[in-house]
Amino acid sequence: MAADAVTASVHIDAPPERVYEYFTRPEAIISWMGEYALLEAEPGGRFVLDIKGAPVRGRFLELDPPRRLVISWGYAGSDHLPPGASTVEVRLTADRGGTRVELQHRDLPPGQRPGHASGWTHYLARLGHAASGRHPGPDPGMPQAPLAQDSP
């Protein structure tokens with residue numbers, strides 16, 4: 001594990017096969033994170049997700065359904081974290097009749113880490129509701145969007 005990586009995890013009462021779809025199907029990902037998604041879930045395919053006005057842009061780098069996926073991550077228009085500048089790795093492990101989701105976000109500039117740490121904790125909790133069949137409710141968003149933390 002990268003020492004400077006942001007990590008987050010959650011246990012979800014759903015099998016890995018179902019949870020995996022919440023990272024690869026547009027209608028599933030927007031149920032817990034974002035308002036718009038264009039996902040081409042194949043190596044090199046586009047990962048486009050608009051989250052509360054933050055335009056996430058990247059690519060699917062590796063897919064090993066239903067165990068693991070790696071996505072490049074950044075923001076359209078950002079000088080500090082441009083599209084594809086960081087990497088999100090998601091590991092799904094069958095655990096206690098459900099799935100253990102372990103997420104690691106690497107290559108973030110130091111100023112971006114606190115916002116992404118709280119963001120991933122927030123959104124993985126919402127994923128837990130959605131993937132286990134409960135509606136997570138409207139997304140109140142984060143107190144400060146990660147893009148708003150761009151600073152020299």
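See above for the structure.
Here is a short report on the structure shown in this document. As the structure is a prediction and not an experimental result, all values here were calculated from the model.

1. Considerations on empty space enclosed by the protein
Phase 1: One pass over the full model with this rule turns up one cavity of 30 Å³ or more.
Phase 2: There is about 40 Å³ of room inside the largest cavity.
Phase 3: Along its surface, the largest cavity is lined by F23, I29, W32, M33, F47, I71, W73, V88, V90, L103 and W120.
Phase 4: The class makeup of the residues in the lining of the largest cavity is 11 nonpolar, no polar and no charged.

2. So, the pattern of salt bridges
Side chains carrying opposite charge are able to pair once their charged atoms draw close together.
Phase 1: Taken as a whole, this structure holds 11 salt bridges when the rule is applied.
Phase 2: R68 is the partner of E62 in a salt bridge, and the nearest nitrogen-oxygen pair spans 2.6 Å.
Phase 3: For R68, a relative accessible area of 18% corresponds to the buried category.
Phase 4: A salt bridge links R106 to E89; the shortest N-O distance between them is 2.8 Å. Of this pair, R106 sits in strand 7 (residues 98–106) while E89 is found in strand 6 (residues 86–95), placing the two residues 17 residues apart along the sequence.

3. With respect to the nonpolar core
Phase 1: If you look at the biggest cluster of nonpolar residues, it comprises 38 residues, and the most contacted ones within it are V19, W32, M33, F47, W73 and L127.
Phase 2: Among the elements that line this core, the one with the most residues is helix 3 (residues 113–131), at six residues.

Analysis parameters
Per chain, residues are indexed from 1 in the order of the written sequence. Confidence filtering applies because this is a predicted model: local features only for residues at pLDDT of at least 70, side-chain atom pairs given and counted only at 80 or more, and all residues used for totals across whole chains, interfaces and linings. In computing side-chain properties, one takes all heavy atoms of the structure into account and sets aside hydrogens as well as water. Think of a 1 Å grid over just the protein atoms. A cavity is a set of points where a 1.4 Å probe fits yet cannot get out, a pocket is an open set with protein on both sides within 12 Å along at least five of seven lines, and lining residues have an atom within 4 Å of a point. Grid points are joined across faces, edges and corners, and a volume is the space filled by probe spheres set on the points. Note that Gly is not counted as nonpolar here; it falls among the polar residues with everything else outside the nonpolar set of Ala, Val, Leu, Ile, Met, Phe, Trp, Tyr, Cys and Pro and the charged set of Asp, Glu, Lys and Arg. Basic side-chain nitrogens of Lys or Arg form a salt bridge, by our definition, when they fall within 4 Å of a carboxyl oxygen of Asp or Glu. Classification of residues uses two cut-offs on accessible area relative to the type maximum, computed with a 1.4 Å probe and protein chains only: under 20% is buried, over 50% is exposed, and between them is partly exposed. Counting from the N terminus, the helices are the DSSP runs of H or I reaching at least four residues and the strands are the DSSP runs of E reaching at least two. Nonpolar cores are built from buried Ala, Val, Leu, Ile, Met, Phe, Trp, Tyr and Cys residues. Side-chain atoms within 4.5 Å join them into one set.

Keep in mind these numbers describe shape, not what the thing actually does.
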